[in-house]
Every structure is written in structure tokens, then in C-alpha cells.
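Examination of the molecular architecture
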Amino acid sequence: IEYKNAKFTISAPNIASLATDEGFEVAFAGRSNAGKSSALNTLTEQKSLARTSKTPGRTQLINIFELDEQRRLVDLPGYGYAKVPLAVKQKWQKSLGEYLQKRESLAGLVVLMDIRHPLKELDQDLIFWAVDSELPVLILLTKADKLKQSARNKVLQEVRQASINFEGDVEVELFSSLKGTGLPALKRKLNG
Ligand code: GTP
Ligand code: MG
């Protein structure tokens, strides 16, 4: 798959406004500021395909990027960020929940977590739900460049150990949008 040919297709607050629900979608999910949009840009070698920001809560809509006629990548709004006005948060959490529960073409989840704050409660809830729904999950421990190699590998081992408890198709890899760490593993899983 040529990820660099990814094309922005549509942004929408609900799945009714998205294009047809056919083919296969892999969605990038995770806490606000985890690095979802950055990972999509790194994967597609396009600096500003998905909008990123230092401020959590940047992505507030469901964003679809087309790879080919059958395959799409999806940038989802983040969860778990306290400092967003409640009304806004409720609106975009509704989008997220609806997308996850109703999107027929959803074929897999990439769950991104800042390597310094892995496996928070909401991350675990999401992964348990995905396993229940028989969706394969790739956990990316993002911003791996923020830790030294030994610390990085320690977290990787810990999260791999912990993810046995999900009892599903859950893999864990290090990732850095900055350095390209984990990019081959991400492509392998997406191609698989
Ligand atoms: P929301 O859309 O708000 O949910 O956030 P997001 O998960 O899409 O995060 P985004 O990609 O916007 O990145 C958030 C911040 O983290 C930005 O300042 C990025 O530059 C930074 N960031 C993302 N990935 C990396 C990484 O691999 N390494 C480092 N050092 N910083 C990163
Ligand atoms: Mg984003």
C-alpha cells in the first residue's frame, strides 16, 4: 500500500455525514495529545495531512483519509482531556462513541499512548471493547524519543506483559513521529 498517496476525503461530526461505509478502515485512537495526527502524517510522509497541535483537543471531528478505493485511515478526536469545555467534550465524545460502535467498515484500531503515560483507564476500556468486537489492535507507545533507550524498552516490556490480559489480537510497538521509530512495524500491521 502506498501510504504517501493518502488523500483527505472528509471531516464530519457523525457517521451519517461520512462517505459510504464500505471497504476497510483503520482508525487512530487515543488520549488527546497522544500523537495520533502526527503519526498519520509520518506514515503518509505528508507534513500537514492531519492537523496537529501542542494543545490537546486539536482533532474534534472524524477525519477520513483515502488510500485507495477500498482502504481508508481515520483520525479520531482524542479522549480524556479535562480542560475542554464540557459541551465541546460531550459533542466530540459522542462522535467517537458513535463511530466506534456503528462503523461497519472499521477493521482495526491503532491505539496511541504517550510512552510516559501508558495504559490509562480510558485506553484500557477502549482496548477491552475492541477485543470484544474482535478488532485487531496495535498499541503504539508514542514520543519514544522522549525517553532513553533503556527506559523506553522497559515500558515496552511492561506494556507487552500487561496486554496479555486483554486476551485478544493486541500488539505493542514503540513509535516516534519525530524519528520514524516503529514505522516499519505500523506498516507491516496495516498491510497484514
Ligand atoms: P488531539 O487531536 O488533540 O487528540 O491530539 P493528537 O493525538 O492528534 O496529537 P498531535 O499529533 O496533534 O500531537 C500532539 C503534540 O505532540 C504535538 O505538539 C506534536 O508535535 C507532539 N508529538 C507528536 N508525536 C511526537 C513524537 O513522536 N515525538 C515528540 N517529541 N513529540 C511528538
Ligand atoms: Mg489530532
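Just so it is clear, the model here is predicted, and its values are computed rather than measured.

Counting residues in hydrophobic clusters, the biggest one holds 40 residues, and the most contacted among them are Phe 28, Val 111, Ile 139, Leu 140 and Leu 141. Elements supplying a minimum of two residues to this core: strand S2 (24–30), helix H1 (36–44), strand S3 (62–66), strand S4 (71–75), strand S5 (106–114), helix H3 (121–132), strand S6 (137–142) and strand S7 (170–174). Not counting residues within four places of it along the chain, the set of residues in contact with Leu 141 comprises Met 113, Ile 115, Pro 118, Val 155, Leu 156, Val 159, Val 172, Leu 174 and Phe 175.

Bringing the sheet that holds S3 into the picture now. As summarised here, the arrangement of the seven strands in space is S1-S3-S4-S2-S5-S6-S7, forming an open sheet in which the pairing is mixed. Strand pairing shows two members of the sheet lacking a second neighbour, strand S1 (7–12) and S7, which therefore form its edges. Put simply, the sheet's adjacent strands are angled 20° from each other on average, direction ignored. Bridging between S5 and S6 involves six bridges; their strand directions are parallel. Along S6, the bridge assignment pairs Val 110 with Leu 138. Packing of helix H4 (residues 149–163) onto the sheet brings it into contact with S6 and S7, and relative to S7 it is tilted by some 175°. Packing of helix H5 (residues 183–191) onto the sheet brings it into contact with S2, S6 and S7, and relative to S6 it is tilted by some 165°.

This part takes up the site of ligand 1. Neighbouring residues of ligand 1: 23 residues in total, closest Gly 35, Ser 38, Thr 52, Thr 59 and Gly 78. A per-class count over the shell around ligand 1 returns three nonpolar, 14 polar and six charged.

A word on the pairing of S4. The buried count for S4 comes to four of five residues, which makes it a mostly enclosed element. Pairing geometry for S2 and S4, over five bridges, is parallel. Looking across to S4, one finds that Phe 24 is bridged to Arg 71. Relative to S4, S3 runs antiparallel, the two sharing four bridges. Paired with Phe 65 across the strands is Leu 73, a residue of S4.

The next subject is the pairing of S6. Across the six residues of S6, six count as buried, placing the element largely inside the fold. On S6, burial covers both faces: Val 137, Ile 139 and Leu 141 on one face and Leu 138, Leu 140 and Thr 142 on the other are all buried. On the question of chirality, the crossover connecting S5 to the parallel S6 by way of H3 is right-handed. Summarising the sheet, S6 and S7 pair through five bridges and their orientation is parallel. Within S7, the residue paired with Leu 141 across the bridge is Leu 174.

This next bit is on H1. The element H1 is extensively covered by neighbouring structure, given that eight of its nine residues are classed as buried. Three or more residues of H1 are buried, namely Lys 36, Ser 37, Ser 38, Ala 39, Leu 40, Asn 41, Thr 42 and Leu 43. Where H1 is buried, its residues touch S2, S3, S4, S5, S6 and H5. Trailing H1 by a residue or two, Glu 45 shows a phi angle of about 55°, which is positive.

Let's shift gears to the environment of Ala 82. Within the fold, Ala 82 resides in the loop between S4 and helix H2 (86–102). Exposure remark for Ala 82: the 7 C-beta atoms within 10 Å place this residue in the exposed category. In this structure the C-alpha to C-alpha distance between Ala 82 and Leu 100, which are 18 residues apart in sequence, comes to 21 Å.

A positive phi angle is found at Glu 45, which is not glycine, with a value near 55°. Positive phi is not limited to glycine here, since Leu 119 has a value of about 50°. Within the secondary structure, Leu 119 is located in the loop between S5 and H3. Residue Leu 119 is classed as partly exposed on the basis of its 18 C-beta neighbours within 10 Å.

Conventions we followed
- Residues numbered from 1 in each chain as written.
- Chains lettered and ligands numbered in written order.
- Predicted model: local features only at pLDDT ≥ 70, side-chain atom pairs only at ≥ 80, totals over all residues.
- Core = buried A, V, L, I, M, F, W, Y, C linked by C-beta atoms within 7 Å.
- Buried ≥ 20, exposed ≤ 12 C-beta atoms within 10 Å, placed from the backbone.
- Helix = DSSP H or I, 4+ residues; strand = E, 2+ residues; numbered from the N terminus.
- Contact = placed C-beta atoms within 7 Å.
- Pairing = 2+ DSSP bridges.
- Axes fitted to C-alpha atoms, helices over the stretch in contact; angles between N-to-C directions.
- Near = placed C-beta within 6 Å.
- Nonpolar A, V, L, I, M, F, W, Y, C, P; charged D, E, K, R; others polar.
- Right-handed = clockwise from strand over helix to strand, strands pointing away.

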